[in-house]
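Residue-level structure breakdown
Now for the letters of each chain:
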Amino acid sequence: MTNVAIIGSQQSGRTSLASHLGKKESESDITKYEYSKGGRVLTTIDVNGYPESIKPFVTALNLSDIALVCIPPEGLNATIGECIIALDLMKYRHGIFVLTKSDTTYPYAVDELKGKIKKVTTGTNLENWYCISISTSSFEGMDEIRDMIFDMGDTITEEKKELDDETPRVVVDQVFNVTGIGCVALGSVSQGTIHTKDKMYMYPLNKPLEIRSIQMHDEDKKSVGSGSRVGLALKHVQSKDIDRGFIISNNETVATDFVLNCTLTQLTDGFAVGDVLHLFTGLQSAPVRVEKITTNGNNMEQAKPGNEYLVDFSGTKEIAYNKPDRFIIANLNNDKQRFVGYGFIKE
């Protein structure tokens, strides 16, 4: 299965593109579409409510391996800029710039827009991403997009196989109760291999569980590896206690306070001691307060754009993490550009 997030401003044609890439399957704060051909499945995720809210935006990107950034003929704007900054902070590896509504503009304008995208993304993780033009009326270019997505999906599958021997970890994105079965969690194996009868824990609940059964594409499996989209019947936990972003693992740290080595983007206003920010890691998020900022052993009142700091954050919501996890820092009160930077747990 290949998962794709479609992002962009509200008038970028992203929802129309998503609906042409597959059939609508579910809708909440994100809308999922599915397309299958020759045994291959493409799941496309459209972000509802963005740019007003960035939480579903971050959710869609973390549920996906590939991003399609939709840009209309009007060109780059603040929302597209925020998308590019977020993708770079997340070190997103695979994606395509989709120039929508190309039939409503002139070829030279499309070429000029491609040049602007290249200039803006130089030096970022996105500088070598392809640009593809599609038509609004005929949707010419759709087959090319699907072929590129499936090619990327093959590459991603091979990359994820290298994680099969790591410590097992499953990120939950849906959970519900099934009569006669009990708690069923849907999620993705981010690393390692899981087996039926495995005894693990649900974090941040820190509660033991057992994997009663595993399904993948409605087929029972005895074991599955990294990158697999799974449905797990679980023993000893209840669906009402589990939220999106919870992690099935045997080795997570749970905390409300964090000390992060932070790197700020050049395109932020920075932050100060006492500011309330938001931390995202995977599908989890929590508001936090900046308690302390230091650099080279010196206490600072403010963190400035483009610099690195050691920052103490305090919060009240528990988050489960491993040391290598990347935390994305956001200021939800900034109207211009909400993504501030990224950080890792202090060694």
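Everything here concerns the structure above.
Residues numbered from 1 in each chain as written. Predicted model: local features only at pLDDT ≥ 70, side-chain atom pairs only at ≥ 80, totals over all residues. Heavy atoms only, no water.

Glancing now at the packing of helix α1 (residues 14–21) against helix α5 (residues 142–161). Two elements in contact, α1 and α5, have axes separated by 11 Å at closest approach and are oriented at 75 degrees. By the angle between their axes, α1 is roughly perpendicular relative to α5. Each of Leu17, His20 and Leu21 in α1 lies in contact with α5, whose residues at this interface are Met142, Ile145 and Arg146. Per-class residue counts for the contact of α1 with α5 are four nonpolar, one polar and one charged. (Axes fitted to C-alpha atoms, helices over the stretch in contact; angles between N-to-C directions. Helix = DSSP H or I, 4+ residues; strand = E, 2+ residues; numbered from the N terminus. Parallel < 35°, antiparallel > 145°, perpendicular 65-115°, else oblique. Contact = heavy atoms within 4.5 Å. Nonpolar A, V, L, I, M, F, W, Y, C, P; charged D, E, K, R; others polar.)

Here we come to the pattern of salt bridges. Close approach of charged atoms allows side chains with opposite charge to pair. This model, assessed by the stated rule, comprises 19 salt bridges. A single salt-bridge network, built from bridges that share partners, covers Arg169, Glu252 and Asp325. (Salt bridge = Lys/Arg side-chain N within 4 Å of Asp/Glu carboxyl O.)

The residue serine 135 is located in the loop between β7 (130–133) and α5 in this model. Within the structure, the side chain of serine 135 is placed 3.4 Å from the side chain of aspartate 103, a separation counted as a polar contact. The residues touching serine 135, leaving out its near neighbours within four places in the chain, are Ser102, Asp103 and Glu140. (Polar contact = N/O pair within 3.5 Å; in protein donor to acceptor, adjacent residues only side chain to side chain.)

This paragraph deals with the packing of aromatic side chains. Aromatic ring pairs are defined here through the distance separating the ring centres and the angle between the ring planes. One pass over the structure, following the stated rule, counts ten aromatic pairs. Measuring from centroid to centroid gives 4.4 Å for tyrosine 50 and phenylalanine 57, while their planes differ by 20 degrees, and the two rings are stacked. In terms of burial, tyrosine 50 and phenylalanine 57 fall into one category: buried. The interplanar angle of 45 degrees and the centroid separation of 6.5 Å between the aromatic rings of phenylalanine 271 and phenylalanine 313 together place this pair among those described as tilted. Of this pair, phenylalanine 271 sits in strand β19 (residues 271–272) while phenylalanine 313 sits in strand β24 (residues 308–315), placing them 42 residues apart in sequence. Comparing phenylalanine 271 with phenylalanine 313, the two get one shared label, buried. Here the aromatic cluster, defined as three or more aromatic residues joined through ring pairs, consists of Tyr50, Phe57 and Phe339. Geometry around tyrosine 35 places arginine 146 over its ring, the cationic atom sitting 4.2 Å from the centre. (Phe/Tyr/Trp six-rings, centres within 6.5 Å; stacked < 30°, edge-to-face > 60°. Buried < 20%, exposed > 50% of the residue type's maximum accessible area, 1.4 Å probe, protein only. Lys NZ or Arg CZ within 6 Å of the ring centre and 35° of its normal.)

Right, let's talk about the environment of alanine 185 for a bit. Its location among the elements puts alanine 185 in strand β9 (residues 182–191). Considering only alpha carbons, one finds alanine 185 and tyrosine 130, 55 residues apart in sequence, at a separation of 35 Å. Discounting chain neighbours no more than four positions away, the residues touching alanine 185 are Val172, Gln174, Val175, Val230, Gly231, Leu232 and Leu234.

Now for the nonpolar core. Judged by nonpolar contacts, the single largest core of 37 residues is most densely connected at Phe57, Leu61, Leu87 and Phe339. With seven residues, the single largest contributor to this core is helix α3 (residues 78–89). (Core = buried A, V, L, I, M, F, W, Y, C linked by side-chain atoms within 4.5 Å.)

Here we come to the sheet that holds strand β4 (residues 40–47). Across the sheet, seven strands lie side by side as β2-β3-β4-β1-β5-β6-β7; this open sheet has mixed pairing. With partners counted over all chains shown, the strands left at the sheet margins are β2 (23–27) and β7, one partner each. Each strand of the sheet is rotated relative to its neighbour by a mean of 25 degrees, with strand direction disregarded. Strand direction decides the pairing type here: strand β3 (residues 30–37) and β4, joined by eight bridges, are antiparallel. In the strand pairing of β4, isoleucine 30 is matched with valine 47. Across the sheet, α3 lies against β1 (2–7), β5 (66–71) and β6 (95–99), angled at about 160 degrees from β5, the strand it touches most. (Pairing = 2+ DSSP bridges.)

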